[in-house]
Amino acid sequence: MTSENPSTNWTAIPQRYLKRELFPLLADLRLAIALLLAIAVFSITGTVIEQGRSLEFYQANYPEDPALFGFLTWKVLLTLGLDHVYRTWWFLALLILFGSSLITCTFQRQIPALRWFSRTWNFYTKPRQFEKFALSAELDHASIKQLSPLLEKRRYRVFRRDNTLYADRGIVGRIGPIIVHASMILILLGAIVGAMTGFFAQEMVPSGETFRIQNIFDAGPWARAQIPQDWSVRVNRFWIDYTPEGKIDQFYSDLSVLNDQDEEIQRKTIHVNEPLRHEGVTLYQADWGIAAVRIRLNESPILQLPMVEIGTDGGGRVWGTWIPTKPDLSEGVSVLAKDLQGILLLYDTEGKLLSTVRQGMSTEVNGVTLAIAEIVGSTGLQIKADPGIPIVYTGFGLLMISVLMSYISHSQIWALEEAGKFYIGGRTNRAQVAFEREMLEILDSLEPSTSDAGAVSDPKSLVPNP
């Protein structure tokens with residue numbers, strides 16, 4: 001009676017499990033399709049549901065009564081992480097699992113198939129080997145010498161050895177599926193890198209102010225290294241271009257990137273769809289506002305008073321402030337502005353319109369000369385850093401190329417001369433009808449003139465073999 005080594009048994013068990021259970025499951029096309037559909041559904045969810053907003057935003061837009069679709073409330077949304085879908089553990093797990101499926105399929109099926117294909121480059125030396133082809137023929141009057149130029153004319157690579165021939169065309173069609181898998185793995189890797197190391201911030205900065213990126217509301221667990229510590233940004237100027245009808249045409253921000261010594265190292269005027277990029281961080285023009293109004297009362301120095309946005313229940317955006325007209329603050333006027341065109345509306349304490357005044361002009365209120373020096377605008381910037389974007393773009397580029405490669409037909413032709421007979425056969429992985437037509441044209445070119453008897457010994461050439 002013999003006993004096996006226990007250590008050998010424990011080592012063999014996980015190996016057998018990987019080879020017989022886990023790897024075939026991961027390489028299953030049905031699993032890959034299911035994972036891809038799940039990723040697509042949750043990606044759509046992350047697009048429809050606003051990401052990275054405040055708790056108050058979700059409470060206002062996803063109330064408990066009535067719940068959206070009867071179940072989707074702000075509590076459910078935050079519990080499931082639907083406010084930051086692309087950084088949740090379960091979404092990253094889906095990406096990793098799908099990537100593992102692609103890698104397993106590549107090594108379990110694609111690469112072995114390529115190795116099998118390499119073995120088909122062998123020259124066929126026996127007539128019976130041609131019986132396995134769906135497209136084959138046996139001729140009495142033909143030779144490899146005749147066949148070679150016909151194939152070369154059709155851009156085949158021709159290899160000859162003694163009385164045998166092998167030719168192929170479109171070999172990139174065999175490599176294409178492997179590159180498709182590799183490109184998709186790159187895309188997934190880029191998405192994971194971006195989710196783990198990227199960040200998203202917003203800043204509202206008055207014209208003339210300098211700021212560092214601080215208002216970060218969505219960031220990966222390893223994003224700290226991407227947040228700039230050795231440079232800041234100065235808003236040199238913010239302005240808006242208006243159409244003749246008074247509507248906003250475009251808004252601009254003149255930005256300067258400053259180093260630790262406040263020296264300008266980069267400068268650019270940005271607008272919508274034209275951001276500033278610096279050291280992997282991108283600053284987009286996203287919003288605007290009115291930060292303050294600069295005034296003079298009689299002969300006083302210029303005073304700057306902040307303005308805040310006032311809710312209007314959908315009646316447009318309005319900013320306002322209160323300007324005292326007496327030192328004891330017992331009297332004053334309310335000032336409203338709706339844009340940066342320089343027009344201000346002045347109201348008394350009872351809500352009565354006193355006057356309208358433009359930037360650079362003055363008016364009399366409560367016995368005081370009120371001059372409007374400037375309306376100070378503020379620029380709203382969206383700031384993003386995503387180190388995974390170059391990886392994703394590389395993956396998409398390879399994917400487009402590899403998809404085109406996959407549509408190229410790979411055709412193979414073998415030929416043999418033996419005992420006065422000429423055998424020819426071939427196959428292709430796609431465009432079967434076109435390949436059959438090409439084979440018929442080749443056979444027609446190999447056939448002798450009609451005056452020669454017994455040109456083709458098998459009149460059923462190119463009919464699928466039983």
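Being a predicted model, the structure only gives us computed values, none of them experimental.

## Side note on the environment of Pro112
- Assignment of secondary structure puts Pro112 in helix α5 (residues 89–119).
- A relative accessible area of 30% means that Pro112 is categorised as partly exposed.

## What about a nonpolar patch on the surface?
- A cluster of nonpolar side chains, contributed by Leu29, Ile33 and Leu37, occupies part of the molecular surface with about 310 Å² of accessible area.
- Its place among the elements puts Leu37 in helix α2 (residues 29–48).
- Accessibility expressed as a relative area gives 55% for Leu37, which makes it exposed.

## Comments concerning the environment of Phe130
- With respect to the helices and strands, the residue Phe130 is situated in the loop between α5 and β1 (135–139).
- Judged by relative accessible area, Phe130 falls into the buried class, the value being 3%.
- A C-alpha to C-alpha distance of 6.0 Å links Phe130 and Gly425, two positions 295 residues apart in sequence.

## A few points about unusual backbone geometry
- Asp65 connects to Pro66 through a cis peptide bond whose omega is 0°.
- One non-glycine residue, Glu279, lies in positive phi territory at about 50°.
- If you trace the backbone, Glu279 turns up in the loop between β10 (276–278) and β11 (281–297).
- Despite not being glycine, Ala419 has its phi angle at roughly 55°, a positive value.
- Position of Ala419 among the secondary structure elements: in the loop between β20 (411–418) and β21 (421–428).

## A look at the sheet that holds strand β5 (residues 210–211)
- Ordered in space as β5-β7-β8-β9, the four strands form an open sheet in which the pairing is antiparallel. Only two strands of the sheet have a single partner each, and these edge strands are β5 and β9 (264–270).
- Here strand β7 (residues 231–242) pairs with strand β8 (residues 248–259) via eleven bridges, running antiparallel. Counted as the bridge partner of Asp241 is Gln250 from β8.

## What about the sheet that holds strand β16 (residues 343–347)?
- Spatial ordering of the open sheet is given by β13-β14-β15-β16-β17, a layout of five strands whose pairing is antiparallel. Looking at which strands have only one partner, the edges of the open sheet turn out to be β13 (308–310) and β17 (353–358). Neighbouring strand axes in the sheet, compared pairwise and without regard to direction, differ in orientation by 35° on average.
- Where strand β14 (residues 318–324) meets strand β15 (residues 332–337), six bridges bridge the pair, whose relative direction is antiparallel. Note that in β15 the partner of Pro324 across the bridge is Gly332.

## Description of the confidence of the model for the protein
- Confidence along the protein averages 84 in pLDDT terms, with 89% of residues attaining 70 or more.
- Mean pLDDT per element in the protein: helix α1 (residues 6–26) is the minimum at 62, and β9 is the maximum at 95.
- Taken as a whole, residues 449–466 scores under 50 in pLDDT and shows 33 contacts with residues more than four places along the chain or in a different chain.

## Quick word on the nonpolar core
- If you look at the biggest cluster of nonpolar residues, it comprises 24 residues, and the most contacted ones within it are Trp288, Ile290, Ile295, Ile323, Leu344 and Leu370.
- At the level of elements, β7, β11, β14, β15, β16 and β19 (368–385) are the ones that each hand at least two residues to this core.
- Broken down by element, the residue count for this core peaks at five residues, all from β11.
- Look past the residues within four positions of Leu370 in its chain and what remains in contact with it is Ile295, Arg296, Leu297, Ile323, Val333, Leu346, Met361, Ser362, Thr363 and Val365.

## Here's the deal with the packing of helix α7 (residues 172–197) against helix α8 (residues 389–406)
- At a minimum axis separation of 7 Å, α7 and α8 run at an interaxial angle of 160°. The pairing of α7 with α8 is recorded here as roughly antiparallel in orientation. For α7 against α8, the interelement crossing comes out left-handed.
- Partitioning the contact of α7 with α8 into residue classes produces 17 nonpolar, eight polar and no charged.

## Things to note about the side chain of His278
- Tracing the backbone shows His278 in strand β10.
- Taking the relative accessible area as the measure of exposure, His278 reaches 10% and is therefore buried.
- In this structure the side chain of His278 is engaged in a polar contact, spanning 2.8 Å, whose partner is the side chain of Gln266.

## What to know about the packing of helix α6 (residues 144–153) against helix α9 (residues 432–446)
- At a minimum axis separation of 10 Å, α6 and α9 run at an interaxial angle of 140°. For the element pair α6 / α9, the angle class is oblique. Relative to α9, α6 is oriented so that their crossing is right-handed. Contacts between α6 and α9 involve Gln146, Leu147, Leu150 and Leu151 from the former and Ile442, Ser445 and Leu446 from the latter.
- Taken together, the residues of the contact of α6 with α9 break down into five nonpolar, two polar and no charged.

Definitions and limits used
- In this numbering scheme, every chain counts its residues from 1 along its sequence in written order.
- Selection of residues for local features in this predicted model requires a pLDDT of at least 70, selection of side-chain atom pairs for listing and counting requires 80 or more, and totals for whole chains, interfaces and linings are taken over all residues.
- Remark: hydrogens and water are excluded; side-chain values derive from all non-hydrogen atoms of the structure.
- By the criteria applied, helices consist of DSSP H or I runs no shorter than four residues and strands consist of E runs no shorter than two, each listed in order from the N terminus.
- Relative accessible area decides the class of each residue, using a 1.4 Å probe on protein chains only: under 20% of the type maximum gives buried, over 50% gives exposed, and in between gives partly exposed.
- Two distance rules govern patches: like charges are joined within 9 Å, and nonpolar side chains (Val, Leu, Ile, Met, Phe, Trp, Tyr) within 5 Å, applied only to residues with over 30% relative accessible area and no salt bridge.
- To be clear on the numbers: accessible area is Shrake-Rupley with a 1.4 Å probe, and residue cover counts the displayed protein chains and nothing else.
- Here, a salt bridge means any Lys or Arg side-chain nitrogen found within 4 Å of an Asp or Glu carboxyl oxygen.
- Between any two strands, at least two bridges found by DSSP are needed for them to pair.
- Lines fitted to C-alpha atoms define the axes here, with helix axes fitted over just the stretch in contact, and angles between the N-to-C directions of these axes take values from 0 to 180 degrees.
- Every residue carries a pLDDT, the predictor's confidence in it, which falls somewhere between 0 and 100.
- We call two residues in contact when some of their heavy atoms are within 4.5 Å.
- As used here, the term nonpolar core means buried Ala, Val, Leu, Ile, Met, Phe, Trp, Tyr and Cys residues forming a set that is joined through side-chain atoms within 4.5 Å.
- Note that the term roughly parallel is reserved for angles under 35 degrees, roughly antiparallel for angles over 145, roughly perpendicular for angles of 65 to 115, and oblique for everything else.
- Crossing handedness is defined as follows: a turn of the near helix away from the far one that is anticlockwise and smaller than a right angle gives a left-handed crossing, while the clockwise case is right-handed.
- Residues were grouped as follows: Ala, Val, Leu, Ile, Met, Phe, Trp, Tyr, Cys and Pro as nonpolar; Asp, Glu, Lys and Arg as charged; and all remaining residues, including Gly, as polar.
- Here a polar contact means two N or O atoms within 3.5 Å. Within protein one must be a hydrogen donor candidate and the other an acceptor candidate, and residues neighboring in sequence count only if both atoms are side-chain atoms.

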